[in-house]
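# A structural walkthrough
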Amino acid sequence: LGGKFSEVSQSLRETLEIRGGVQVTSVERDGLLGRSGVKEGFVITYINDRPVTSIKDLQRMSSGIESIDGVYPNGRALRYVIVK
């Protein structure tokens, strides 16, 4: 994916009203996330319409990615569609 990740804190999950997710802590410009426009702080909640609740989930879904859904800490929800 081209980035670093951390588990989402309980307080951020409560603020954003999400069950789980993985927060992007850094983005490599040439990686999939960077090329797609994902910024630091984005919380990935779904990949290919499948829920992401932990880094373990993210690792299992790191290939064949067509869409990434999530929310920024300011509450802005987005879907990134991967164009190949």
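The rules behind the values
Residues numbered from 1 in each chain as written. Predicted model: local features only at pLDDT ≥ 70, side-chain atom pairs only at ≥ 80, totals over all residues. Heavy atoms only, no water. Helix = DSSP H or I, 4+ residues; strand = E, 2+ residues; numbered from the N terminus. Rg over C-alpha atoms; globule rule 2.2 N^0.38 Å. Contact = heavy atoms within 4.5 Å. Lys, Arg positive; Asp, Glu negative; His and termini not counted. Charge placed at Lys NZ, Arg CZ, Asp CG, Glu CD. Core = buried A, V, L, I, M, F, W, Y, C linked by side-chain atoms within 4.5 Å. Buried < 20%, exposed > 50% of the residue type's maximum accessible area, 1.4 Å probe, protein only. Phe/Tyr/Trp six-rings, centres within 6.5 Å; stacked < 30°, edge-to-face > 60°.

This paragraph deals with the overall build of the protein. Each helix and strand in the protein was counted, giving 3 helices and 6 strands. Counting helices and strands in the order they occur from the N terminus, the protein gives β-α-β-α-β-β-α-β-β. For a compact globule of 84 residues, the expected C-alpha radius of gyration is about 12 Å, and the protein comes in at 11 Å, within 12% of that figure. Expressed along its principal axes, the backbone C-alpha trace of the protein runs to roughly 35 × 20 × 20 Å. When contacts within the protein are restricted to residue pairs at least 6 apart in sequence, long-range pairs at least 24 apart make up 45% of them. Between the mean site of the 12 positive side-chain charges and the mean site of the 10 negative ones, the protein shows a separation of 3 Å.

With that settled, consider the nonpolar core. In globular proteins that are soluble, nonpolar side chains generally tend to be buried together. Of all hydrophobic cores here, the largest spans 16 residues; its most connected members are F42, I44, I47, V52 and I68. Mapped onto this core, the elements with two or more residues apiece are β2 (22-27), α2 (32-36) and β3 (43-47). Aside from chain neighbours lying at most four places away, what touches I44 is F5, G21, V22, V24, V52, L58, I68, D69 and G70. Residues V8, L12, L16 and I18 belong to the second largest nonpolar core, which totals 6 residues.

Right, let's get into the packing of aromatic side chains. This structure, assessed with the given rule, holds 2 aromatic pairs. Both rings, one in F42 and one in Y72, keep their centres 4.8 Å apart while their planes meet at 55°; by these two values the pair is tilted. Placement of the pair is F42 in the loop between α2 and β3 and Y72 in the loop between β5 (67-71) and β6 (77-81), with a sequence separation of 30 residues. The same class applies to F42 and to Y72, which are both buried. You can call F42 buried: its relative accessible area is 0%.

On to the side chain of S67. One can find S67 in strand β5. When neighbours within four sequence positions are excluded, S67 is seen to be in contact with Y46, I47, N48, D49, R79, Y80, V81 and I82.

With that settled, consider unusual backbone geometry. Phi is positive for N48, close to 50°, though the residue is something other than glycine. Mapped onto the fold, N48 is located in the loop between β3 and β4 (50-51). Unlike most non-glycine residues, D49 shows phi in positive territory, near 65°. With respect to the helices and strands, D49 occurs in the loop between β3 and β4.

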